[in-house]
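Each chain, written out:
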Amino acid sequence: MSVRDSRHEDHDHDHDHDHGHGHGAHHHHHGDPLSQASAFRMAIALNVLLVLIQFGFGFVANSTALMADAGHNLSDVLGLVLALVAAVLGRRAPKGRYTYGLRSSSILAALTNAVLLLLASGAIAWEAVQRMFAPPPVAGLTVTLVAAAGIVVNGLSAWLLLRGQKSDLNVRGAYLHMLSDAAVSLGVVLAGLAIMATGWNWLDPLVSVVIVALIVAGTWGLLREALELILSAVPAGIDAGEVAEFLRGRPGVSDVHDLHIWGMSTTENALTAHLVVPGGYPGDEVLDAISGELRSRFGIGHSTLQVEQGTTCHACALQPAHGA
């Protein structure tokens, strides 16, 4: 039996993050939030300023819609900070018991961000429903002007994160939040104009409920994908059956078993598999070629392939007992 680790350069991975990663059209492949550190810092600063303005004027103007938008933006700020911290931790070299380093901290950051958003949504919805039955007077002009500032800030923040959102769950979550926030702020502007025109103060809490619905809809996918990564599910965008068929189709391979595909982080995928090769170990070049195709075709940058001749029933021995 021979074992070949196609990522034998992993020890040096922290010094060369780009080496050996796929760039296919899959959700989890090369991406590094640290490469956009300045964009993150600017987006964080802009949104902190916006949150302070929205909370302050929302309180003065008696607007739950403004405070709802501020709560959402605060969650986005926390998400941006978590993404950056996770990126820093993920770059640390493997050490001691952490043989993968701290790559998976980016998954925890995505999950935490989703949970924070849902908790904030619940609090906002509760307050909005209470106010809907007894809506206080709302300063429509103040709401409109502050929300207009939100459109500018959130639109600019989304533009800053546009480049990295295709390759990282954390960045994509922040980008989508900023983009949706710009749309939500537009809704608040329209509500403020309507209140000034009609005097219908109940429009403000109604807009708050709509904002919450949009937040939950946008966050649910982020929460689901983060939970799937924590549970070591096959990352979104990778078809395990297609990968298995690809491996079975390699010259000399008669079967594949114990195939496992999971996300090491929000940007890196890993694979382990047992290849049954009756003719024996095919050589480093063959396995390197397989690894290269796994990287380019499926976005799997870390693959470990174990070669067996099929003279014993490895697959039988590794199957769980019936009823387990």
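The coordinates are above.
Here is what the cut-offs are and how they apply
Residues numbered from 1 in each chain as written. Predicted model: local features only at pLDDT ≥ 70, side-chain atom pairs only at ≥ 80, totals over all residues. Heavy atoms only, no water. Helix = DSSP H or I, 4+ residues; strand = E, 2+ residues; numbered from the N terminus. Buried < 20%, exposed > 50% of the residue type's maximum accessible area, 1.4 Å probe, protein only. Salt bridge = Lys/Arg side-chain N within 4 Å of Asp/Glu carboxyl O. Pairing = 2+ DSSP bridges. Expected span 1.5 Å × (residues − 1). Contact = heavy atoms within 4.5 Å. Phe/Tyr/Trp six-rings, centres within 6.5 Å; stacked < 30°, edge-to-face > 60°. Patch = residues over 30% accessible without salt bridge, like charges linked within 9 Å, V, L, I, M, F, W, Y side chains within 5 Å. Areas by Shrake-Rupley, 256 points an atom, 1.4 Å probe, with all protein chains shown as cover. Axes fitted to C-alpha atoms, helices over the stretch in contact; angles between N-to-C directions. Parallel < 35°, antiparallel > 145°, perpendicular 65-115°, else oblique. Left-handed = near helix turned anticlockwise from the far one by under 90°. Nonpolar A, V, L, I, M, F, W, Y, C, P; charged D, E, K, R; others polar.

Visitor: How should the overall build of the protein chain be read in this particular structure?
Guide: A tally of regular secondary structure across the protein chain gives nine helices and four strands. Mapped from its N terminus to its C terminus, the protein chain presents α and β elements in the order β-α-α-α-α-α-α-α-β-β-α-β-α. In the protein chain, which comprises 324 residues, the proportion classed as buried is 49%.

Visitor: Any chance you could explain the pattern of salt bridges here in plain terms?
Guide: Within this structure, the stated rule accounts for four salt bridges. Across the pair Arg 248 and Asp 255 runs a salt bridge whose closest N-O atoms are separated by 3.4 Å. Using a relative accessible area of 33% as the deciding quantity, one classes Arg 248 as partly exposed. Note that Arg 250 is salt-bridged to Glu 293, the shortest N-O span being 3.6 Å. Pair noted here: Arg 250 is in the loop between helix 7 (240-248) and strand 2 (255-263) and Glu 293 is in helix 8 (residues 284-298), with a separation of 43 residues, a long-range link. Look at Glu 293 and you get partly exposed, because its relative accessible area is 27%. Three or more residues joined by partner-sharing salt bridges are found here, namely Glu 245, Arg 248 and Asp 255.

Visitor: I'm lost on the pairing of strand 2 in this one. Help?
Guide: On a regular strand, each side chain points to the face opposite its neighbour's, so the side chains alternate between the two faces of the sheet. In this structure, strand 2 lies alongside strand 3 (residues 269-276), joined through seven bridges in antiparallel fashion. Directly across from Asp 255, in strand 3, lies its bridge partner Val 276. Linking strand 2 to strand 3, which pair antiparallel, is a turn of five residues.

Visitor: I would appreciate a short explanation of helix 4 (residues 140-161) in the present structure.
Guide: An α-helical segment advances 3.6 residues per turn. Residues three or four places apart therefore align on the same side. For helix 4, with 22 residues, the first-to-last C-alpha span of 31 Å sits near the 32 Å given by 1.5 Å per residue. Inspection of helix 4 places Gly 140, Val 143, Thr 144, Val 146, Ala 147, Gly 150, Val 153, Asn 154, Ser 157, Ala 158, Leu 160 and Leu 161 among the buried residues, and these make up the whole buried set.

Visitor: Just to check I follow, could you spell out the environment of Asp 181 for this structure?
Guide: Structurally, the position occupied by Asp 181 is in helix 5 (residues 169-198). Residue class for Asp 181 comes out buried when judged on its relative accessible area of 0%.

Visitor: It is not clear to me how the side chain of Asn 154 should be interpreted in this structure. Could you clarify?
Guide: Take Asn 154: it is sitting in helix 4. For Asn 154, a relative accessible area of 0% puts it in the buried group. Aside from chain neighbours lying at most four places away, what touches Asn 154 is Asn 47, Leu 50, Asn 73, Met 178, Asp 181, Ala 182 and Ser 185.

Visitor: For this particular structure, what's the right way to read the side chain of Thr 144?
Guide: Checked against the element boundaries, Thr 144 lands in helix 4. Beyond its immediate stretch of four places on either side in the chain, Thr 144 contacts Val 189, Gly 192, Leu 193 and Met 196.

Visitor: Just checking my understanding: could you explain the packing of aromatic side chains for this structure?
Guide: The geometry of an aromatic ring pair comes down to the distance between the two centres and the angle between the two planes. Enumeration according to the criterion identifies two aromatic pairs in this entry. On the numbers, 5.6 Å between centres and 20° between planes, the contact of Trp 200 with Trp 202 is stacked. Judged by its relative accessible area of 45%, Trp 200 is partly exposed. A residue is classified by how much of its surface remains accessible, and Trp 202, at 37% relative accessible area, is partly exposed.

Visitor: Would you take a moment to explain a nonpolar patch on the surface for this structure?
Guide: Together, Val 129, Met 132, Phe 133, Trp 200, Trp 202, Leu 206, Val 209, Val 210 and Leu 214 line one region of the surface with nonpolar side chains, adding up to about 840 Å² of accessible area. Looking at the nonpolar patch, the elements that each hand over two or more residues are helix 3 (105-133) and helix 6 (203-230). Ranked by residue count, the leading element in the nonpolar patch is helix 6, at four residues. By the secondary structure assignment, Trp 200 is in the loop between helix 5 and helix 6.

Visitor: I tried to follow the packing of helix 1 (residues 37-61) against helix 4 on my own but got confused; where do I start?
Guide: A packed helix pair is summarised by two numbers, namely the angle formed by the two axes and the spacing between the axes. Between helix 1 and helix 4, the shortest axis-to-axis distance is 10 Å and the interhelical angle comes to 165°. On the basis of the axis angle, helix 1 is roughly antiparallel to helix 4. Our pair here, helix 1 against helix 4, has a crossing hand that is left-handed. Contact residues: helix 1 offers Ala 39, Phe 40, Met 42, Ala 43, Leu 46, Asn 47, Leu 50, Ile 53, Gln 54, Phe 57 and Ala 61, while helix 4 offers Thr 142, Val 143, Val 146, Ala 149, Gly 150, Val 153, Asn 154, Leu 156, Ser 157, Leu 160 and Leu 161. A class-by-class count of the residues in the contact of helix 1 with helix 4 yields 16 nonpolar, six polar and no charged.

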